[in-house]
Amino acid sequence: MAVRTPLAFHLWISVSLLLFIHGHCFYLPGVAPQDFQKGDLLMVKVNKLTSTKTQLPYSYYSLPYCRPKTIVDSAENLGEVLRGDRIENSPYVFKMREPQMCNVVCRITLNAKTAKKFKEKIDDEYRVNMILDNLPLVVPIRRLDQESSIVYQHGFHVGLKGQYAGSKEEKYFIHNHLTFTVKFHKDTQTDSARIVGFEVKPFSVKHEYEGEWSDKTTRLTTCDPHAKRTVTNSESPQEVEDKKDIIFTYDVEFQESDVKWAYRWDTYLLMADDQIHWFSIVNSLMIVLFLSGMVAMIMLRTLYRDISKYNQLETQEEAQEETGWKLVHGDVFRPPTNSDLLCVYVGTGVQFFGMILVNMLFAILGFLSPSNRGGLMTAMLLLWVFMGLFAGYSSARLYKMFKGTEWKKITLKTAFMFPATVFVIFFVLNALIWGEKSSGAVPFGTMFALVFLWFGISVPLVFVGSYVGFKKPAIEDPVKTNKIPRQIPEQAWYMNPVFSILIGGILPFGAVFIELFFILTSIWLHQFYYIFGFLFIVFLILIVTCAEITIVLCYFQLCSEDYLWWWRAYLTSGSSALYLFLYAAFYFFTKLEITKPVSGVLYFGYMLIASYGFFVLTGTIGFFACFLFTRLIYSSVKID
């Protein structure tokens, strides 16, 4: 792709947005439509083998499938490499709008080792993924409950297990004949066509032929284009055993379709249970809006009454009998214990928040469509790196407010603490994947690129942000802090820090957990997730919920004359991450069929990283809400 000048880039963005607003379809760079004339070559590419049982991807040629003369890797972006995609060319080559029948790809003879490999992959329910004109291969399956409804499954199974009639012994059968259907949308003026669908029906057939085998001249008796004999399910299947010959064949047919190129992804992105999805999101919205209304009403009424009561001219006796949050005004802005650590976590949370917000806006505008494989992951990494600027700035500003002087120390901690923790977990998981010889293992070059992004771009940006933040004048407290800390009275059982922190996390988790089910399903059951509009609404609900629950609990805490709110504000909404991790464990045991210990470790390792990120994000939202709230209420009362 040609390098655009900044001006051209801005123009391109503006034009794209204008087209988007007017409701026209616009094409993103790298995913422009390709027109094919009759007879043009169509190259099928192969991608990784995937399994929801093991979660370990393998490259297509890790199994002894038919190979082209030379295997050529397609250039993968950072996101694709991290996802384990390995896109390569294949011996499957079609000619546009020219149906082919019973094409022989190759014949292989299994030995004990290759037969074992195939059997293992069939056992673990691995699927073969292919790509044609950037569209993934799907297997259409009719739903039993609805006649007209078709569900698309990604890729076809390597094979299946079964028994011969009258036998108890379980045998392994391989899918060695593929019937491809390429759907195209024809342009009536130019007679060119665009590909809008790529489907397959896999069969297991024990192919037979007469005479000696020759790659060029042998005619199969089980499937013959001259006799118009096609492969059907009634044929005897091809067994996977040592010293067995397997002949790989395929048919390809072309179907004209009314679907326009711009809408070709719609069939892939249709949710099978979209009604549940709509209902649950509306449900979640209603609950949260109701809670928000109640919280806002309580806060406004109670606070308004408190402030007006405090600001009336009181007699000396009334002033002495004063209770509630005004009493702790001399201690409420006293820096907390481990204030350095709090600054680091708040900075990291700002970085996370910025990354997710910008990423979602890009996704809503359609810049991260699933046709741009790995785009989401790449965007997240790059945004994380550039948001280091805001992380440094916010942690340094808070540090200066706490009367800190060593800004370089806090900057280093902000730049290294969260990424180093995640990197260590990631490195251990990667070593496990590498030990399984999976294509999901991140190669050394990519690992180097990640380290470069972190040390070469992120760390300097955190320093720049910190420098700017520390140069700014310190944030002034609305009230003076006393020299001697005040005694905190004995608290009621329900104001116990652990109890109130755990209660605080339930509401934010409740706001997102239904959406979380769909996200987990898309990640671990290899389905597309493309409802970013909904996700954005849920994200806004999460922000509101975290802020409100923290403010309410913070208010109750100050009313009971406990002024140690800094850490508690962070942990109250941050504790929702604990529920997220527990839900992930529940999901693992109820929805996934993972049997391999390595795959289980991978699942919990990645979910631990996700929960840690969620903790930092929700904790920071709660902290800032409480920070603004305390400043607001203490600046609105008169203090003698």
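Residues numbered from 1 in each chain as written. Predicted model: local features only at pLDDT ≥ 70, side-chain atom pairs only at ≥ 80, totals over all residues. Heavy atoms only, no water.

With an unreviewed UniProt entry as reference, the protein is termed Transmembrane 9 superfamily member, source organism Davidia involucrata. According to UniProt, the comment filed for the protein under the heading Sequence similarities (unreviewed entry) is "Belongs to the nonaspanin (TM9SF) (TC 9.A.2) family." (UniProt positions renumbered as here; feature names shortened; annotations may be inferred.)

So, the packing of aromatic side chains
Under the definition given, this model contains 60 aromatic pairs. Aromatic side chains W407 and Y467 sit 5.8 Å apart centroid to centroid with 55 degrees between the ring planes, which places their arrangement in the tilted category. Of this pair, W407 sits in helix α10 (residues 407-435) while Y467 sits in helix α11 (residues 444-471), and the two are 60 residues apart along the sequence. For W407, a relative accessible area of 17% corresponds to the buried category. Taken together, a centroid distance of 5.6 Å and an interplanar angle of 70 degrees make the contact between Y570 and F615 edge-to-face. (Phe/Tyr/Trp six-rings, centres within 6.5 Å; stacked < 30°, edge-to-face > 60°. Helix = DSSP H or I, 4+ residues; strand = E, 2+ residues; numbered from the N terminus. Buried < 20%, exposed > 50% of the residue type's maximum accessible area, 1.4 Å probe, protein only.)

Remarks on a nonpolar patch on the surface
On the surface, L389, F390, V464, Y467 and V468 cluster together to form a nonpolar patch covering roughly 430 Å² of accessible area. Listing elements by their share of the nonpolar patch, those giving two or more residues are α9 (388-401) and α11. No other element matches the 3 residues that α11 contributes to the nonpolar patch. (Patch = residues over 30% accessible without salt bridge, like charges linked within 9 Å, V, L, I, M, F, W, Y side chains within 5 Å. Areas by Shrake-Rupley, 256 points an atom, 1.4 Å probe, with all protein chains shown as cover. Salt bridge = Lys/Arg side-chain N within 4 Å of Asp/Glu carboxyl O.)

What to know about the domain arrangement of the protein
Per the domain assignment, the segments making up the protein are domain 1 (40-269) and domain 2 (336-480 + 492-636). Taking only C-alpha atoms into account, the centre of domain 1 sits 42 Å from that of domain 2. With 31 residues of domain 1 at the interface, the matching set in domain 2 holds 33 residues. Regarding the contact of domain 1 and domain 2, the summed buried area is about 2700 Å², with carbon and sulfur atoms giving 62% of it. Taken as a group, Q55, L78 and L82 account for 23% of the area that domain 1 buries against domain 2, more than any other trio of residues on that side. On the surface where domain 1 and domain 2 come into contact, there are 1 salt bridge. In this structure, the salt-bridge partner of R373 is E80, at a minimum N-O distance of 3.2 Å. (Domains from an automatic or database assignment. Contact = heavy atoms within 4.5 Å. Buried area = accessible area lost by both parts, 1.4 Å probe.)

Brief notes about the pattern of salt bridges
With the rule as written, the count across this model stands at 21 salt bridges. The partner of D35 in a salt bridge is R194, with the nearest N and O atoms 2.8 Å apart. Of this pair, D35 sits in the loop between α1 (6-21) and β1 (41-50) while R194 is found in strand β12 (residues 193-203), placing the two residues 159 residues apart along the sequence. Using a relative accessible area of 25% as the deciding quantity, one classes R194 as partly exposed. Its salt-bridge partner being K409, residue E406 comes within 3.5 Å of it at the nearest N-O pair. A relative accessible area of 44% means that E406 is categorised as partly exposed. Among the charged side chains, a salt-bridge network with shared partners connects K48, R83 and D85.

Points about α9
Given a rise of 1.5 Å per residue, 14 residues ought to cover 20 Å, and the 20 Å separating the end C-alpha atoms of α9 matches this to within 8%. α9 sits mainly inside the fold: 10 of its 14 residues count as buried. Listed in full, the buried residues belonging to α9 are G388, A391, G392, S394, S395, A396, R397, L398, Y399 and M401. Each element contacted by the buried residues of α9 is listed here: α7 (339-364), α8 (375-386), α10, α11, α14 (566-574) and α16 (597-635). At the exit of α9 stands K403, carrying a positive phi of roughly 65 degrees. (Expected span 1.5 Å × (residues − 1).)

Here we look at the side chain of Q55
With respect to the element layout, Q55 can be found in the loop between β1 and α2 (78-83). Here the side chain of Q55 touches T52 through a polar contact of 3.3 Å, landing on its backbone oxygen. Here H526 takes part through its side chain, which lies 3.5 Å from a polar atom of the side chain of Q55. Other than its neighbours up to four places away in sequence, Q55 contacts W524, H526, I594, S599 and L602. (Polar contact = N/O pair within 3.5 Å; in protein donor to acceptor, adjacent residues only side chain to side chain.)

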